[in-house]
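One letter stands for each residue in the lines below.
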Amino acid sequence: VLPQAASEPPFSRRMKERVGAKQAIAMAVAGLIDDGMTILIDSGSTTAYVARALLKKRDLTVVTNSIAIAHTLVGRCEHQVYLAGGSIRGDIAASVGPEAHDLISEFRGEIAILSIGSVDAIDGYKDFDVDEARIARAMIERSNRVVVAADGCKYGARAPVRICGFEAVNDFVTEAAPPADLAERMRAAGTQVRIAVAA
């Protein structure tokens, strides 16, 4: 019998898990965003909470493949929202595929805000899904600064698909300090680790 592949719970369920941590991370990430910026945000429950925190900002240009993020921001606070097209996946509530990549490639973002499935000292940042990892890499390529928003349960999780190495990420925002081996890899890569404190 083949071992079962690592997988991630459905998006709707993830939105109800570790809510306090995700809200704290979201507020810390929003603190890195200035009014008027162009930002790229990939799909994920933590980035969906970031979108809610961005309702305190104004006049953002937001490029996302997430239906939830687009729904949160469209028509609010003078934000201009671009929802990447393509095949819409119900399990992640987001679009993937070449059409999504095409839209992302038309923009240059000041900041990309990414969710991840896991981070480990060998492979760096990883995801559970190859389509989501490709979207994240496309956003990395089109942004001047990369911010990863991830709660502490991502340390040592078993996501199989590599997104990028440590050197690609400028800021890592979490509510729980990373283990020593990860902290050292992030420090060596020049990544700023930001610990969010819950209200």
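Now for a description of the structure that goes with this document. Everything numeric in this text was worked out from a predicted model, so none of it was measured.

**What to know about the overall build of the protein chain**
Stage number 1. Broken down by element type, the protein chain carries seven helices and 12 strands.
Stage number 2. Relative to a compact globule of 199 residues, whose C-alpha radius of gyration would be 16 Å, the protein chain shows 15 Å and is just as compact.
Stage number 3. Across its three principal axes, the protein chain shows a C-alpha extent of roughly 45 × 40 × 30 Å.
Stage number 4. Across the 199 residues that make up the protein chain, the buried fraction comes to 52%.
Stage number 5. For the protein chain, the share of sequence-separated contacts (at least 6 apart) that also reach a separation of at least 24 residues comes to 63%.
Stage number 6. Taken as a whole, the protein chain presents about 9,100 Å² of accessible surface, with 51% of it coming from carbon and sulfur.
Stage number 7. Considering the protein chain, the positive charge centre built from 23 side chains and the negative charge centre built from 25 side chains are found 4 Å apart.

**Examining the packing of helix H2 (residues 19–30) against helix H3 (residues 45–53)**
Stage number 1. Remark: H2 packs on H3, axes separated minimally by 8 Å, with the N-to-C direction vectors making an angle of 55 degrees. Relative to H3, H2 is oriented oblique. H2 and H3 meet at a crossing whose hand is right-handed. Touching Val19, Lys22, Gln23, Ile25, Ala26, Met27, Val29 and Ala30 of H2 are Ser45, Thr46, Tyr49, Val50 and Ala53, all from H3.
Stage number 2. For the contact of H2 with H3, the class distribution of residues is nine nonpolar, three polar and one charged.

**Focus: the nonpolar core**
Stage number 1. Formed by 33 residues in total, the largest nonpolar core has its most connected members in Ile116, Val119, Tyr125 and Phe172.
Stage number 2. Contributing elements (two or more residues each) for this core: strand S5 (94–96), helix H5 (98–105), strand S6 (111–114), helix H6 (130–141), strand S9 (146–149), strand S10 (161–164) and helix H7 (180–189).
Stage number 3. When residues in this core are grouped by element, the largest group, six residues, is from H6.

**Section: the pattern of salt bridges**
Stage number 1. Across all of its chains, the model carries 11 salt bridges by this definition.
Stage number 2. A salt bridge links aspartate 171 to arginine 145; the nearest nitrogen and oxygen atoms lie 2.7 Å apart. Taken as a pair, aspartate 171 in strand S11 (residues 171–174) and arginine 145 in the loop between H6 and S9 lie far apart in primary sequence, 26 residues in all.
Stage number 3. Here lysine 154 ties to aspartate 151 by a salt bridge, and the two come within 3.6 Å at their closest N and O atoms.
Stage number 4. Via salt bridges that share partners, Arg89, Asp91, Asp129, Asp131 and Arg134 belong to a single interconnected network.

**Brief notes about the pairing of strand S12 (residues 192–195)**
In summary, the side chains of a regular strand alternate between the two faces of the sheet.
Stage number 1. Bridge count between S11 and S12: four bridges; the pairing is parallel. Note on S12: the bridge partner recorded for phenylalanine 172 is valine 193.
Stage number 2. The β-α-β motif built from S11, the intervening H7 and the parallel element S12 has right-handed crossover chirality.

**Focus on a nonpolar patch on the surface**
Stage number 1. The grouping of Ile67, Leu83 and Ile88 at the surface amounts to a nonpolar patch, some 270 Å² of accessible area in total.
Stage number 2. Mapping leucine 83 onto the fold places it in strand S3 (residues 80–83).
Stage number 3. On the basis of relative accessible area, leucine 83 is assigned to the partly exposed category, the value being 42%.

**Structural notes on the side chain of aspartate 151**
Stage number 1. The residue aspartate 151 is located in the loop between S9 and S10 in this model.
Stage number 2. Residue class for aspartate 151 comes out buried when judged on its relative accessible area of 1%.

The rules behind the values
- Residues numbered from 1 in each chain as written.
- Predicted model: local features only at pLDDT ≥ 70, side-chain atom pairs only at ≥ 80, totals over all residues.
- Heavy atoms only, no water.
- Helix = DSSP H or I, 4+ residues; strand = E, 2+ residues; numbered from the N terminus.
- Rg over C-alpha atoms; globule rule 2.2 N^0.38 Å.
- Buried < 20%, exposed > 50% of the residue type's maximum accessible area, 1.4 Å probe, protein only.
- Contact = heavy atoms within 4.5 Å.
- Areas by Shrake-Rupley, 256 points an atom, 1.4 Å probe, with all protein chains shown as cover.
- Lys, Arg positive; Asp, Glu negative; His and termini not counted.
- Charge placed at Lys NZ, Arg CZ, Asp CG, Glu CD.
- Axes fitted to C-alpha atoms, helices over the stretch in contact; angles between N-to-C directions.
- Parallel < 35°, antiparallel > 145°, perpendicular 65-115°, else oblique.
- Left-handed = near helix turned anticlockwise from the far one by under 90°.
- Nonpolar A, V, L, I, M, F, W, Y, C, P; charged D, E, K, R; others polar.
- Core = buried A, V, L, I, M, F, W, Y, C linked by side-chain atoms within 4.5 Å.
- Salt bridge = Lys/Arg side-chain N within 4 Å of Asp/Glu carboxyl O.
- Pairing = 2+ DSSP bridges.
- Right-handed = clockwise from strand over helix to strand, strands pointing away.
- Patch = residues over 30% accessible without salt bridge, like charges linked within 9 Å, V, L, I, M, F, W, Y side chains within 5 Å.

No statement about biological role is implied by the geometric values presented.
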